[in-house]
Amino acid sequence: MEEKKKTINVRGLLAVAAAVLCLSSLAVATEETKQKQLRFRENGEFKILQVADMHYADGKTTPCRDVLPSENVSCSDLNTTAFLHRMILAEKPDLIVFTGDNIYASDATDAARSLDAAFSPAIFASIPWAAVLGNHDQESALSREGVMKHIVSLNHTLSQVNPSGVDLIDGFGNYNLEVHGVEGSGFENKSVLNLYFLDSGDYSKVPSVSVYDWIKPSQQLWFQRTSMKLQRAYMSKPEVQKAPAPGLVYFHIPLPEFASFDSSNFTGVKQEGISSASVNSGFFATMVEAGDVKAVFTGHDHVNDFCGELTGIELCYAGGFGYHAYGKAGWARRTRVVVATLEKTDKASWGPLKLIKTWKRLDDQNLTTIDVQVLWSNGTPGGT
């Protein structure tokens, strides 16, 4: 018991230190940040850290939920900050993706300040980051549009309020990012990995449909057109390719298709029901038809953390990250890491994408790694 208390105290001090350091680093986004081109490292890898459901509120005065009694002493939002700070140091990601419910706005005294604090570790580390909205981010004085506009104003973010040149689209935070090949390779000016971000909404506006919202036809049309444009570019000169570059999709509320799995056909755990919209918008079919999407990543259901493959697409939860979010006492908060790796060419250079792997890290003393798995590989079912 004494050793346990010692560990908690050390982590508590780290939480406070991380919060102080990170909050001092906030700055307004610059044009240079907005134009930063994501690309693979010289070792042929690109690493993404997914952070789901921080539920950040007012920092050290906000209590933790669903932790063991021994962990509850001085536990607060600062534990969430410390976890993110530790993960950045441990994994050194190229991009951090926040998949909604970034703040628990109804408990936040000042939503803008809570957003600043929630994203502060990424800002302090000068790491590019992107965010989408969940169903709780707007439950304060800031509307969904207001929340997204504030996010876009922060330093080192690549988030967008909505895609440029698109006049009519539902929601806020629909956009895409391209990840180019290694500088100096034949793919340095091609996007070899495409990232799509969508607003899955908050709550249904249709009286006959209860609870959660869904991805609308206008968003699906934007996705289809964007996917087609990216595929044409990738399969054209130079370095003509026979199949599209793989795509990954990020949003908050899971699709109804996440209910297609049981313990025999997924990796991870399912400890609660799938809280999707009660209507099926058809977005899964839209992604299957597009032909480039290899995996989808969501949050929302905090004590689910599985990945399961359906019709060539991996459907993945990250598991709950934040300490003010509901969880399960004794079941560690967690995060998902995705690493994409390029092929090595005959000329000792880097070519197209070869492999996409994932694993989760737990917020324990050792940041334990669990459930390492291959999501996609070139030449396998679902591959090119």
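Quick summary incoming for the structure in this document. In this text the structure is predicted, and so the values were computed from the model without any measurement.

1. Some words on the packing of helix 6 (residues 217-234) against helix 7 (residues 283-290)
Thought 1: Two elements in contact, helix 6 and helix 7, have axes separated by 10 Å at closest approach and are oriented at 15 degrees. Here helix 7 runs roughly parallel to helix 6, going by the angle between their axes. Relative to helix 7, the crossing made by helix 6 is right-handed. From helix 6, Gln220, Phe223, Gln224, Ser227 and Gln231 reach across to helix 7, where they touch Phe283, Thr286, Met287, Glu289 and Ala290.

2. Let's talk about the pattern of salt bridges
Thought 1: As enumerated under the stated definition, the model contains 13 salt bridges in all.
Thought 2: Among the charged side chains, a salt-bridge network with shared partners connects Arg144, Asp199, Asp202, Lys205, Asp213 and Lys216.

3. Side note on the environment of Tyr104
Thought 1: Within the secondary structure, Tyr104 is located in the loop between strand 3 (95-99) and helix 4 (111-124).
Thought 2: Along the primary structure Tyr104 and Ala57 are separated by 47 residues, whereas in three dimensions their C-alpha atoms are 5.6 Å apart.
Thought 3: In contact with Tyr104, other than residues within four places in its own chain, are His55, Tyr56, Ala57, His136 and His324.

4. So, the side chain of Asp116
Thought 1: Note that Asp116 resides in helix 4.
Thought 2: Buried and without a salt bridge, Asp116 has Arg113 as its closest oppositely charged side chain, separated by 7.2 Å.
Thought 3: Within polar-contact distance, the side chain of Asp116 engages the side chain of His150 at 2.7 Å.

5. Observations concerning the nonpolar core
Thought 1: Counting residues in hydrophobic clusters, the biggest one holds 67 residues, and the most contacted among them are Phe40, Phe98, Phe119, Trp129, Leu195 and Leu248.
Thought 2: Looking at this core, the element that brings in the most residues is helix 4, giving seven residues.
Thought 3: If you look at the next biggest cluster of nonpolar residues, it comprises 24 residues, including Tyr196, Leu230, Phe284 and Met287.

6. Thoughts on unusual backbone geometry
In most cases, non-glycine residues show a negative phi, while peptide bonds are predominantly trans.
Thought 1: Here Lys237 and Pro238 are connected by a cis peptide whose omega angle stands at -10 degrees.
Thought 2: Within the secondary structure, Pro238 is located in the loop between helix 6 and strand 7 (247-250).
Thought 3: Positive phi is not limited to glycine here, since Ser126 has a value of about 60 degrees.
Thought 4: As for its placement among the helices and strands, Ser126 is situated in the loop between helix 4 and strand 4 (129-132).
Thought 5: A residue is classified by how much of its surface remains accessible, and Ser126, at 44% relative accessible area, is partly exposed.

7. Observations concerning the pairing of strand 10 (residues 313-317)
Thought 1: With five of five residues buried, strand 10 is to be regarded as a mostly interior element.
Thought 2: The alternating pattern of strand 10 places Ile313, Leu315 and Tyr317 on one face and Glu314 and Cys316 on the opposite face, and all of these are buried.
Thought 3: In terms of strand pairing, strand 8 (residues 293-298) meets strand 10 through four bridges, oriented parallel. Bridge assignment links Thr298 to a residue of strand 10, and that residue is Tyr317.
Thought 4: Where strand 9 (residues 307-310) meets strand 10, four bridges bridge the pair, whose relative direction is antiparallel.

8. Structural notes on the layout of surface pockets
Rolling a probe over the atoms, with the probe sized like a water molecule, indicates the empty space that remains.
Thought 1: There is about 510 Å³ of room inside the largest pocket.
Thought 2: Lining the largest pocket are 22 residues, with Asn176, Glu178, Trp222, Thr226 and Lys229 positioned closest to its centre.
Thought 3: Those elements that place two or more of their residues in the lining of the largest pocket are strand 5 (175-180) and helix 6.
Thought 4: Among the elements that line the lining of the largest pocket, the one with the most residues is helix 6, at nine residues.
Thought 5: Considering only residue class, the lining of the largest pocket consists of ten nonpolar, eight polar and four charged.

9. Regarding empty space enclosed by the protein
Thought 1: On inspection of all chains with the given rule, the structure shows three cavities of 30 Å³ or more.
Thought 2: Approximately 90 Å³ is the volume found for the largest cavity.
Thought 3: As for the largest cavity, its lining consists of 17 residues, of which Trp214, Ile215, Pro254, Leu255 and Pro256 are closest to the centre.
Thought 4: A class-by-class count of the residues in the lining of the largest cavity yields eleven nonpolar, four polar and two charged.

10. Points about the state of the cysteines
Thought 1: In this structure the tally under the stated criterion is two disulfides.
Thought 2: Disulfide partner of Cys307: Cys316, at an S-S distance of 2.0 Å. Sign of the S-S torsion, about 120 degrees for the bond between Cys307 and Cys316, identifies this disulfide as right-handed.
Thought 3: Taken in N- to C-terminal order, the disulfide-linked cysteines of the protein chain are connected 1-2, 3-4.

Conventions used here
Residues numbered from 1 in each chain as written. Predicted model: local features only at pLDDT ≥ 70, side-chain atom pairs only at ≥ 80, totals over all residues. Heavy atoms only, no water. Axes fitted to C-alpha atoms, helices over the stretch in contact; angles between N-to-C directions. Helix = DSSP H or I, 4+ residues; strand = E, 2+ residues; numbered from the N terminus. Parallel < 35°, antiparallel > 145°, perpendicular 65-115°, else oblique. Left-handed = near helix turned anticlockwise from the far one by under 90°. Contact = heavy atoms within 4.5 Å. Salt bridge = Lys/Arg side-chain N within 4 Å of Asp/Glu carboxyl O. Buried < 20%, exposed > 50% of the residue type's maximum accessible area, 1.4 Å probe, protein only. Lys, Arg positive; Asp, Glu negative; His and termini not counted. Polar contact = N/O pair within 3.5 Å; in protein donor to acceptor, adjacent residues only side chain to side chain. Core = buried A, V, L, I, M, F, W, Y, C linked by side-chain atoms within 4.5 Å. Pairing = 2+ DSSP bridges. 1 Å grid on protein atoms, 1.4 Å probe; cavity = no way out; pocket = protein on both sides within 12 Å on 5 of 7 lines; lining within 4 Å. Points joined across faces, edges and corners; volume = space filled by probe spheres on them. Nonpolar A, V, L, I, M, F, W, Y, C, P; charged D, E, K, R; others polar. Disulfide = S-S within 2.5 Å.

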